[in-house]
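Results of the structural survey
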Amino acid sequence: MYAAIKRELADVWLGFFVWTGPNRPAAQAARRKGTENFAVIAAAVLPWSTSLASVCGLAFLLGFLSTIRPAAFLRSLKHPASLTALALCLIAVLGVFWADGISWAERFRGLTPMAKLLGVPVLIYYFSQSDRGRYVLYAFVASCVILMLYSWVVLYWPALSIHYKSDQPGVPVKNYIDQSQGFAFCAFALAAVAVDGLRRQRQALAISAAIIAAALLANLAFVNVSRTALVYCPVLAVFFAYRYLGRMHFWIACLALVVTTAGLWTISSNLQHKVSAAFSEYRAAQKEAGSTSVGQRLELWNKSIELFKTAPVIGHGTGAAKPLLTRDIPKQAASPANTSGNPHNQTLLFAIQWGLLGVLVLYAMWGVHLLTFRGEGVVAWIGLVAVVQNILSSLFNSHLSDFYQGWLYVLAVGIAAGTLTRTAAPQQRAAVLSLNRS
């Protein structure tokens, strides 16, 4: 233990204070390791604290700038997953200049949610040269497991919550939407780890991953779950069965999924409440617009579509969504939907600000990211889970623009794509050598 601590302190000293001389290679290696550690810490604190995750992200960026090789970074930007993310950021920057009728402060605030997408090319470059991407996943999973156990505790002893919310039982920090997103992502990532462990005859790993995945899904079923998760979890389950099972077993698994879902419905008051509440809110919204959560969403969607119609090609500009969605408050102050600058749909948020141009580039990015992870293996599956989950959850929320879900997407896509690039490079070199010999 003492030797390990001493070695870590020596690496910190090298990373901070040695920039030239014979120890420069060791100092560069120490800076790279420290930068990776900040990514690991950021993933660990993401389910708990927005502020700590932001600080770690900034530290990672500074470390990245201290270790970057400009020529190699520019070459890595040719990766399709990087190019499409950068294209969205470029549209957001240009949209600042065609926005009309809003202040410059509002325009720059509209840029903030898009800035996180710059993390995709940075992470692809960085983890295409590092084999420690898996530690970021380990940290996030471990953090979510601790949060899951804490969630069970506060379900029965709410006073122990860090941020108690009477309408969100079993949610000790943040909110039930963020909690569900993280738990579901980890559960389906671990399901692939379990299958891979069985194939590699690593029974201990497979059993551990399967138990943790089941525990996370049980928490969603019996403690608290977002209604959005009830949409993407079955889809991810079908994708998992299709990817890892043969044709006959796939249909058996689909039948088992239906039976399991029905069984959970009969014994879980949590699931019954979430689903029945959605239908009740929809019926109430038909009588009085904006009176419920579902009604507010419908009202916001209608307003967003009308705004899109007035500027369908390039939209109203960066940062225009909130001012436009809230401008009728004096006329309809009783409507809760008017107080929100978020249409709760990623496509509509882009359509308001950047019109069809922004929507097409958004879907192009999602499509390219899906294709990036079409291969086999656990890493490709984890990237695919992140993209599918984000696409489906963005039907009912602006999750690419939100902090927690957006950064989860950026971390998963960037690190998974970078890891695949790194593992593909030796295979490509071997193929070239084989071709030259023949």
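These numbers were taken from a predicted model, which means no experiment stands behind them.

Within the structure shown, the criterion is met by one cavity of 30 Å³ or more. Computed from the structure, the largest cavity encloses a volume of approximately 40 Å³. Taken together, Gln181, Ala386, Gln389, Asn390, Gln405, Leu408 and Tyr409 form the lining of the largest cavity. If you list the elements that add at least two residues to the lining of the largest cavity, you get α17 (378–393) and α18 (403–437). When the residues that make up the lining of the largest cavity are grouped by side-chain class, the tally is three nonpolar, four polar and no charged.

We now examine the pattern of salt bridges. Pairing between side chains becomes possible if they bear opposite charge and their charged atoms approach one another. In this structure the tally under the stated criterion is three salt bridges. With a closest N to O distance of 2.8 Å, Arg200 and Asp196 form a salt bridge. On the accessibility criterion, Arg200 (55% relative accessible area) is exposed.

Where nonpolar side chains cluster on the molecular surface, the patch consists of Leu90, Val93, Leu94, Phe97, Trp104 and Phe108 and spans about 640 Å² of accessible area. Elements with a minimum of two residues in the nonpolar patch: α5 (80–98) and α6 (104–115). As for its placement among the helices and strands, Phe108 is situated in helix α6. Judged by relative accessible area, which is 47%, Phe108 ranks as partly exposed.

What follows deals with the side chain of Gln181. Here Gln181 shows up in helix α9 (residues 176–199). The class for Gln181 is buried, based on a relative accessible area of 2%. Here Gln181 is in contact with Tyr232, Gln389, Ser393, His399, Tyr404, Gln405 and Leu408, once residues within four sequence places are set aside.

Glancing now at the nonpolar core. The nonpolar side chains of a soluble globular protein tend to be buried, and buried together. In terms of nonpolar packing, the biggest core is built from 92 residues, with Phe140, Phe185 and Met365 touching the most fellow members. A total of 13 residues in this core trace back to one element, the largest contributor, which is α9. The contact partners of Phe140, leaving out residues within four places of it in the chain, are Ala43, Leu46, Pro47, Gly182, Phe185, Cys186, Tyr404 and Leu408. Formed by ten residues, the second largest nonpolar core is a distinct cluster that contains Ala99, Leu307, Ala320 and Ile352.

Rules of the game
- Sequence positions are assigned chain by chain, starting from 1 and proceeding in written order.
- Thresholds applied to this predicted model are a pLDDT of at least 70 for local features of residues and 80 or more for the giving and counting of side-chain atom pairs; totals over whole chains, interfaces and linings are not thresholded and use all residues.
- Only hydrogens and water are set aside when side-chain values are computed; all heavy atoms of the structure are taken into account.
- Space inside and on the surface of the protein is sampled on a 1 Å grid over the protein atoms alone, with a cavity defined as a set of points where a 1.4 Å probe fits but cannot get out and a pocket as an open set with protein on both sides within 12 Å along at least 5 of 7 lines; lining residues have an atom within 4 Å of a point.
- Grid points are joined across faces, edges and corners, and a volume is the space filled by probe spheres set on the points.
- For helices the rule is a DSSP run of H or I covering at least 4 residues; for strands it is a run of E covering at least 2, with both sets numbered from the N terminus onward.
- Here the term charged refers only to Asp, Glu, Lys and Arg, the term nonpolar to Ala, Val, Leu, Ile, Met, Phe, Trp, Tyr, Cys and Pro, and the term polar to all other amino acids, Gly among them.
- A carboxyl oxygen of Asp or Glu within 4 Å of a side-chain nitrogen of Lys or Arg is what we treat as a salt bridge.
- Each residue gets one of three labels from its accessible area relative to the maximum for its type: buried under 20%, exposed over 50%, partly exposed in between, using a 1.4 Å probe on protein chains only.
- Patch rule: a residue counts if its relative accessible area is over 30% and it has no salt bridge; like charges are joined within 9 Å, and nonpolar side chains (Val, Leu, Ile, Met, Phe, Trp, Tyr) within 5 Å.
- Calculation of accessible area relied on Shrake-Rupley with a 1.4 Å probe; when residues are assessed, cover is drawn exclusively from the protein chains displayed.
- Throughout, a contact is declared for two residues whenever any of their heavy atoms are within 4.5 Å.
- Throughout this description, the term nonpolar core refers to a set of buried Ala, Val, Leu, Ile, Met, Phe, Trp, Tyr and Cys residues connected via side-chain atoms within 4.5 Å.

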